[in-house]
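The primary structure of each chain is shown beneath.
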Amino acid sequence: MKLKYYHWILIALLILTLGSRLFFAFQTPYFDHDAYFNLRQIEHIKETGLPLYEDDLSYGGRTNYFPPFFHYVLAFFSLFLPVTLVGKIIPNLMVSFLTLIVFLIAKKITKDNNAALFAAFISGFIPVLFAETINSVSELTLVIPLVFLALYYLMNLQQKKFLYGYLIIIVILSLTHASTFLLILGLIFYLIFSEVEIIKRNRNETELILFSTLIFIWIQTLFYKKAFLMHGISLVWKNMPADIIASHFSEITILGTIIQVGWLPFFYGVYLMFKYIFKEKNKYIYTYISLALPVVILLWLKWIEPSLGLIFLGVTLSVLFPEFYVITVNYIKKTKFSKFKYIFPVLLTITFVATSFLPAVFLAGLQLERTVTEPEIQAMAWLEEQEGDVVLGALEEGFLINFLAQKENVFDDNFLLIENSEEIANDVKTIYTTNSRIEAVELLNKYKVDYIVVSDKVKEDYQIKKLYFRDEDCIRKEYKGEIEIYKNNCEVKTMVI
Amino acid sequence: MKIKLTERKIVLFIFILTVMVLLSPLALRYFSGNTTLMGTESYLHLKLASNPDVLFQPRFFTPYDLILFGLNSLIQSNVWALILSIALGIGTVLLFNNFLRKFDLTNEQRFFILVFLILSPAFIYAFVFANQYSLVVFLLILIANLLSVKGHLKYLTIPFLLFIPFFDVLTSLVTFGGLLIYWLLKKEKAVFYLGIGFLGLVVLIQILFPQPLTYEPILGHSFFEEFFSDLGGLKGLSLFHLFLAVVGLITTWKERKIYYFVYPTIIFLILFFAFVNENIVIYLNFILAFFAGQGLMWLWKRKWKLNFLKNLSILLILIGLVLSIGSYVTQISQSQPNDPTKESLLWLRDNSRPHEIVFSYQGKEFWIESIAERESFLDAYDQGYKNKLKIADDILYSRDLKLTTQLLEDNKIKYIWIDLEMVGGQVWKDEDEGLLFLFRNPRFKNIYNKKGVEIWEFN
């Protein structure tokens, strides 16, 4: 097959996207704090063939259930490359393929190569997607491309290979991450829309959507049944303590949304939604509007994390954008400015670079500042050499303590199947903020803490400058540097009242 | 090989399935070494059935307890509660099958509706735990059957309608609602007269023997957690059940002229569940089972483009349903009270005086009163219950010795009963929390400590 001009541009876009990602990823040898959970799982799968469902280190010992497909994929690559290198390259490679998928979708909708190229370009540099997935070893790097690939296959059901491909992807998605429910919800919305708007559906679509819903519910029930029973509705917020929910499920502003999604996709995507909903009937546009609407509703209700919702929204709007491009170009052709029609793509590119590409780069830079730092690595390396089992640190440091220091943590960001998460979070807060040594030591002994980490993260989280209850006798500073680590040698004796 | 579903086969199958499903949690419980009855409320009914002085107090009188009392008078045994529940369950299913025959349904549709009814947590709850709703549901289905008989034979419902007002107001409301819907559909004079007569009777009974709105106090619950058995709801619905019911509702929308009364009924029942009491789901379950059966039939009969997808989808639903029910049955078979609880309360009965008051966390009072035969400080049916709850909270959570001992003295509490659930997070999370801290004081004496259950004597 002879490659045409747009093929070359597309390949260039893929290389540009991947190259930019890897450039930022390799600015630091380390990862985001949350990535260390997945890295530990990948290592465990590599060693034993199974995920670490019974974890002796997290919360001092806990059970963990999650869909492990993503971890198995990375574990496979880690047979050939070091785990850290796999963590840097493979997720970025997977999410870079989104540009190709968005191109295919946009071309299917508009039948215009230039419009599709723009969509691909935009999708490669959605600020929130770019920044949040560079160093996070996140399942979303597999979920997002697969979701849109599934939707592309759904648009091509006349060919049996796409039908079987769709089925395989749905099963893989259900085994990868619970955020697949956004796709399922979108498909259900699509069914409702197509009924209300009397849009003719392919007969296969109804059956596939029904099956998708069933298989997703079925697989999630297998993994999360225990969590459902234990946490009930608070599973929606991952059983997070109240203080932490506020920071994870924070309110998002319109301006924040625009910056993180990109100006072009946001405004043109919203324009298209208004143009098409209950007015024009375009089946493909409705498919993506159906994906965007529940995301918007759930974001507004704060039932999903802002970053997750904005990533889905950003990619969906980038898919809708080319329709606007075609409408605009066709309109310009009919006006006096038709001879300037070639300037429009240039202006668009400049606008996109200014409003999406540069913010993406900026946010990526900000995110890099939040990755694990060298002092943290050194502190963890020191801890690994010490005797003693339990280390208390900031919430974000929990996975790091397990992965690098190979020690038990008191708490971390994974609250599922932890019955007393609220109590633990409050106790940790008390330890770091109390002036009372007795109160602190009682709590330290309750969790059998051997070491207390006081890092910048701890100081920021608890608004403290130092550990107030320290002394030279039993809470002694043993590690000095940018991070301080104290050893707990105290004991509290109980008296009769 | 196609199996033809005849009436005989349907009846036989649902009979066997009902018996198996209702016996399974009991069997699991028994073989795991727990010989006690399941649930808190069961013990209230046992207490009433063996104690006529209490039974015939107006606020406790229900026909269910009267029947249990009658059976106990023949042979004193706790097993009557189980036998009665299961018999009523079988009777309900058979009567419902008969009722469904009045509708324009195929044998397959009827079969699946019944299967979904039997395999629903709400049904299992109603007919496994000893509770008055087992009799209520049976009576309502019986009345529905008799109403659909032609001519004056409808008046055979009268003796059964007479019992209904002696249950809670919720039951009377549901019955009246059913009569009203039936009259709106059929416009039969007999039903009109029955409805008016029934309403008059309810008003009269409420004046003479006021019944509560619902038996379980409205203690507050999370809608989602109670509505879905997969989220832990004891009387909820399974996700797959609900999925099929939604499919059924959507696919029967074309016939909405027939089902027009159902949609507002469902909305009303769900709102009632959300804001008033979860027991309403026992009635809602029948409607949802109907539509779940319709939903499955639609999936089955539909010409799918991909046959393997159809088979896989139906298989997933059925396996999901079975797993969901299996999990539910296992969960309820492990419900309280367990043997250590029963042993401790029997010990308390044998080692304390009859009028001494026992204090524990809310919900435990039925066991204390029924097994230990002692007065509980908290009594859910006491008019001062809310005030007592506040006092109970103070006692449980305060570390102020003076305050706690004063409250115990003022309320003449002699014993404090504590189980593993309470120290495991239901009340306290820490061994030095609240009352547990105050147990160091010599006025508290640990007189029983076995298998996680403690009894403390207060002097």
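Since this is a predicted model, take the numbers as computed values, not measurements.

Caption draft 1: Main features of the overall build of chain A. Scanning chain A for helices and strands turns up 22 helices and seven strands. The dimensions of chain A, computed from C-alpha atoms along their principal axes, are 90 × 45 × 45 Å. Sequence separation of 24 or more characterises 74% of the internal contacts of chain A that already satisfy a separation of 6 or more.

Caption draft 2: Looking closely at the overall build of chain B. Tallying secondary structure elements over chain B gives 23 helices and five strands in all. Principal-axis analysis of the C-alpha atoms places the extent of chain B at approximately 75 × 55 × 40 Å. Sequence-distant contacts, at least 24 apart, represent 69% of the contacts inside chain B between residues at least 6 apart.

Caption draft 3: Region of interest: the interface of chain B and chain A. Each side of the interface is counted separately: chain B has 23 residues, and chain A has 20 residues. For the side of chain B that touches chain A, the secondary-structure elements that each account for two or more residues are α12 (223–227), α13 (239–251) and α17 (307–333) of chain B. It is α17(B) that provides the largest number of residues to the side of chain B that touches chain A, a total of seven residues. Residues that form the side of chain B that touches chain A fall into these classes: eleven nonpolar, seven polar and five charged.

Caption draft 4: Local environment of the domain arrangement of chain B. Taken as a whole, chain B is organised into domain 1 (7–132 + 215–333) and domain 2 (339–458). Each of domain 1 of chain B and domain 2 of chain B was reduced to a C-alpha centroid, and the two centroids are 35 Å apart.

Caption draft 5: Structural view of the nonpolar core. Ranked by internal contacts, the top residues of the largest apolar core, which has 274 residues, are A:Ala119, A:Phe148 and A:Ala150. Residues contacting A:Phe148, with those up to four places away along its chain left out, are A:Leu98, A:Ile101, A:Val102, A:Ile105 and A:Val315.

Caption draft 6: Fine view of the domain arrangement of chain A. All names here are of chain A. When its domains are assigned, chain A resolves into domain 1 (5–369) and domain 2 (374–488). The C-alpha centroid of domain 2 is placed 35 Å from the C-alpha centroid of domain 1. Opposite the 24 residues of domain 1 that make contact, domain 2 presents 25 residues. Looking at the side of domain 1 that touches domain 2, the elements with two or more residues in it are α2 (35–48), β2 (62–63), α11 (203–231) and α12 (242–248). At four residues, the largest contribution of residues to the side of domain 1 that touches domain 2 is made by α2. Counted by class, the side of domain 1 that touches domain 2 contains twelve nonpolar, six polar and six charged residues.

Caption draft 7: Here's a closer look at the sheet that holds strand β6 (residues 475–479) of chain A. Residue and element names in this part refer to chain A. Pairing is mixed across the open sheet formed by five strands, whose spatial order is β4-β3-β5-β7-β6. If you trace the sheet from one side to the other, it starts and ends with β4 (408–409) and β6, each paired once. Alignment of β6 against strand β7 (residues 484–488), held across four bridges, turns out to be antiparallel. Of the residues in β7, the one forming a bridge with lysine 477 is tyrosine 486.

Caption draft 8: Focus on the environment of B:Thr35. Residues and elements named next belong to chain B. Among the structural elements, threonine 35 can be located in the loop between α1 (7–31) and α2 (41–50). Overall, the presence of 11 C-beta atoms within 10 Å leaves threonine 35 in the exposed class. Between the C-alpha atom of threonine 35 and that of threonine 405, which follows or precedes it by 370 residues, the distance is 37 Å. Apart from the residues lying within four places of it in its own chain, the contact partners of threonine 35 are Tyr30 and Asp339.

Caption draft 9: Quick peek at the sheet that holds strand β3 (residues 413–418) of chain B. Overall, mixed pairing links the five strands, which are arranged β2-β1-β3-β5-β4 (chain B) in an open sheet. The outermost strands of the open sheet, each flanked by one partner alone, are β2 (375–376) and β4 (444–450) of chain B.

Caption draft 10: Expanded view of the packing of α11(A) against α17(B). In contact at an axis separation of 10 Å, α11(A) and α17(B) are set at 30 degrees when each is read in the N-to-C sense. Considering their axes alone, α11(A) and α17(B) lie roughly parallel with respect to each other. Between α11(A) and α17(B) lies a crossing of left-handed hand. Within the contact between the two elements, α11(A) uses A:Glu207, A:Leu210, A:Phe211, A:Leu214, A:Ile215, A:Trp218, A:Thr221 and A:Lys225 and α17(B) uses B:Leu309, B:Leu312, B:Ser313, B:Leu316, B:Ile317, B:Gly320 and B:Ser327. Of the residues in the contact of α11(A) with α17(B), the class split is nine nonpolar, four polar and two charged.

Caption draft 11: Up close: helix α18 (residues 339–350) of chain B. All names here are of chain B. Its twelve residues give α18 an end-to-end C-alpha distance of 16 Å, which sits within 8% of 16 Å, the value for a rise of 1.5 Å per residue. Along α18, the residues that are buried comprise Thr341, Lys342, Ser344, Leu345 and Leu348. All buried residues of α18 project into a common sector of 165 degrees when viewed along the axis, lining one side. Where the residues of α18 are buried, they touch β1 (357–359), α19 (365–370), β3, β4 and β5 (453–458).

Caption draft 12: Representation of the pairing of β3(B). Residues and elements named next belong to chain B. The element β3 is extensively covered by neighbouring structure, given that six of its six residues are classed as buried. The sheet contact formed by β1 and β3 spans three bridges and is parallel. By the bridge assignment, phenylalanine 359 is partnered in β3 with isoleucine 416. Here β3 pairs with β5 via four bridges, running antiparallel. The residue bridging tryptophan 417 from the neighbouring strand is isoleucine 455, located in β5.

Caption draft 13: Summary view of the environment of A:Gln158. Relative to the assigned elements, A:Gln158 resides in the loop between α8 (140–154) and α9 (160–174). Here the alpha-carbon distance between A:Gln158 and A:Asn204, two residues 46 residues apart in the chain, equals 8.9 Å.

Caption draft 14: How the structure looks around unusual backbone geometry. For the bond running from B:Gln336 to B:Pro337, omega is 0 degrees, close enough to zero to count as cis. Here the phi dihedral of A:Lys238 falls at roughly 55 degrees; this positive angle occurs in a residue that is not glycine. A:Lys238 gets classed as partly exposed once you count the C-beta atoms within 10 Å, which come to 19. Phi at A:Lys448 is positive, roughly 55 degrees, even though this residue is not glycine. Positionally, A:Lys448 belongs in the loop between α21 (437–446) and β5 (451–454).

Caption draft 15: Structural context of the pairing of β5(B). Residue and element names in this part refer to chain B. Here β4 pairs with β5 via six bridges, running antiparallel. The partner of phenylalanine 444 across the bridge, within β5, is phenylalanine 458. Where β4 folds back onto β5 in an antiparallel hairpin, the turn is made up of two residues, including lysine 451, whose phi is positive at roughly 50 degrees.

Caption draft 16: Structural context of the packing of α9(A) against α11(A). Residue and element names in this part refer to chain A. At a minimum axis separation of 9 Å, α9 and α11 run at an interaxial angle of 20 degrees. When the interaxial angle is binned, α9 and α11 end up roughly parallel. Remark: the crossing between α9 and α11 carries right-handed chirality. Residues Leu163, Tyr166, Ile170, Val171 and Ser174 of α9 lie in contact with α11, whose contacting residues are Asn204, Leu208, Ser212, Ile215, Phe216, Ile219 and Gln220. A per-class count over the contact of α9 with α11 returns eight nonpolar, four polar and no charged.

Thresholds, definitions, all that
- Residues numbered from 1 in each chain as written.
- Chains lettered and ligands numbered in written order.
- Predicted model: local features only at pLDDT ≥ 70, side-chain atom pairs only at ≥ 80, totals over all residues.
- Helix = DSSP H or I, 4+ residues; strand = E, 2+ residues; numbered from the N terminus.
- Contact = placed C-beta atoms within 7 Å.
- Nonpolar A, V, L, I, M, F, W, Y, C, P; charged D, E, K, R; others polar.
- Domains from an automatic or database assignment.
- Core = buried A, V, L, I, M, F, W, Y, C linked by C-beta atoms within 7 Å.
- Buried ≥ 20, exposed ≤ 12 C-beta atoms within 10 Å, placed from the backbone.
- Pairing = 2+ DSSP bridges.
- Axes fitted to C-alpha atoms, helices over the stretch in contact; angles between N-to-C directions.
- Parallel < 35°, antiparallel > 145°, perpendicular 65-115°, else oblique.
- Left-handed = near helix turned anticlockwise from the far one by under 90°.
- Expected span 1.5 Å × (residues − 1).
- Arc of directions from axis to C-beta.

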